[in-house]
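Survey of secondary and tertiary structure
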Amino acid sequence: MNIVVLTGAGISAESGVPTFRGADGLWEGHRVEEVATPEAFVRDPHLVHHFYNLRRAKLLDGTIHPNPAHQALARLAASKEHRLFLVTQNIDDLHERGGSPDVLHMHGELLKSRCTECGAVADCREDLGRASVCKACGHLDCLRPHVVWFGEMPFGLDEISVAISQADLFVAIGTSGNVYPAAGFVFLARQAGIKTLEINLEVSEGTRIFHESRRGRAGDLVPQWVDELQ
């Protein structure tokens, strides 16, 4: 069976990754326009770097670990009976740490930097700032977090569309259903006649679109679902 799985903030939240966006819409006290747009980076690179440096440090401080949902998806990826295409909206590395060998990060990766001069992408586990130098081209003050900001195009959309068109099952785990284009993947699956399943802690914006919806913690329900497939 060909299975496409989309994961969102809910699966990482169970590992202790802060969602950062509060009920008031602020990210750590900042408006999205201040820390998560290309214009914000041009206007105040120090603030944007500081915001992501804090997130990176939190991810690496030893308190955040993969949970059973991440590990269950890695087990599914290793199955000889099924073919898994795993795409995540999350910028952390918990899927990889949980054992998944191939993950498409459509919103980028916090532990990578990107050069605005030459486009080089490199591993990054330290703070970034205006004094950072690109190891590929040697330019100063040209590195940015390798994440997709509001107003930018997510990565891998064509690859994701092809994978969904060839799938037998589309599963969304821990997603809010209100962030596009990811929120539209279930529509692509339904249009292609593909069975759809949602696993979420609560009702999402897209719950009514799925053939089946299961309520509960991803760490409990994802291992159960993977067991059903074996």
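Residues numbered from 1 in each chain as written. Predicted model: local features only at pLDDT ≥ 70, side-chain atom pairs only at ≥ 80, totals over all residues. Heavy atoms only, no water.

Where an unreviewed UniProt entry is consulted, the chain appears under the name NAD-dependent protein deacylase, with the organism given as Luteolibacter rhizosphaerae. Looking at the Function (unreviewed entry) heading of the UniProt record, one finds this comment for the chain: "NAD-dependent lysine deacetylase and desuccinylase that specifically removes acetyl and succinyl groups on target proteins. Modulates the activities of several proteins which are inactive in their acylated form." (UniProt positions renumbered as here; feature names shortened; annotations may be inferred.)

**Considerations on the nonpolar core**
One finds Ile 3, Val 5, Val 171, Ile 173, Val 222 and Trp 225 to be the most contacted residues of the largest nonpolar core, which totals 21 residues. Contributions of two or more residues to this core are made by β1 (2–7), α5 (68–77), β2 (83–88), β7 (169–173), β8 (195–200) and α9 (218–229). Ignoring any residue separated from it by four or fewer positions in sequence, one finds Val 171 in contact with Ile 3, Val 4, Val 5, Leu 6, Leu 197, Ile 199 and Trp 225. In this structure, Leu 104, Ile 164, Ala 172 and Ala 182 belong to the second largest nonpolar core, which totals 20 residues. (Core = buried A, V, L, I, M, F, W, Y, C linked by side-chain atoms within 4.5 Å. Buried < 20%, exposed > 50% of the residue type's maximum accessible area, 1.4 Å probe, protein only. Helix = DSSP H or I, 4+ residues; strand = E, 2+ residues; numbered from the N terminus. Contact = heavy atoms within 4.5 Å.)

**Quick notes on the sheet that holds strand β5 (residues 121–123)**
Ordered in space as β5-β4-β6, the three strands form an open sheet in which the pairing is antiparallel. Since the sheet does not close on itself, it has two edges, and those belong to β5 and β6 (143–147), each with one partner. Put simply, the sheet's adjacent strands are angled 45° from each other on average, direction ignored. Of the strand pairs in this sheet, strand β4 (residues 108–115) and β6 are connected by five bridges, and their pairing is antiparallel. Its bridge partner lying in β6, Glu 109 is registered against His 146. This element, helix α4 (residues 45–59), spans β4 and β6 of the sheet and lies at about 135° to β4. (Pairing = 2+ DSSP bridges. Axes fitted to C-alpha atoms, helices over the stretch in contact; angles between N-to-C directions.)

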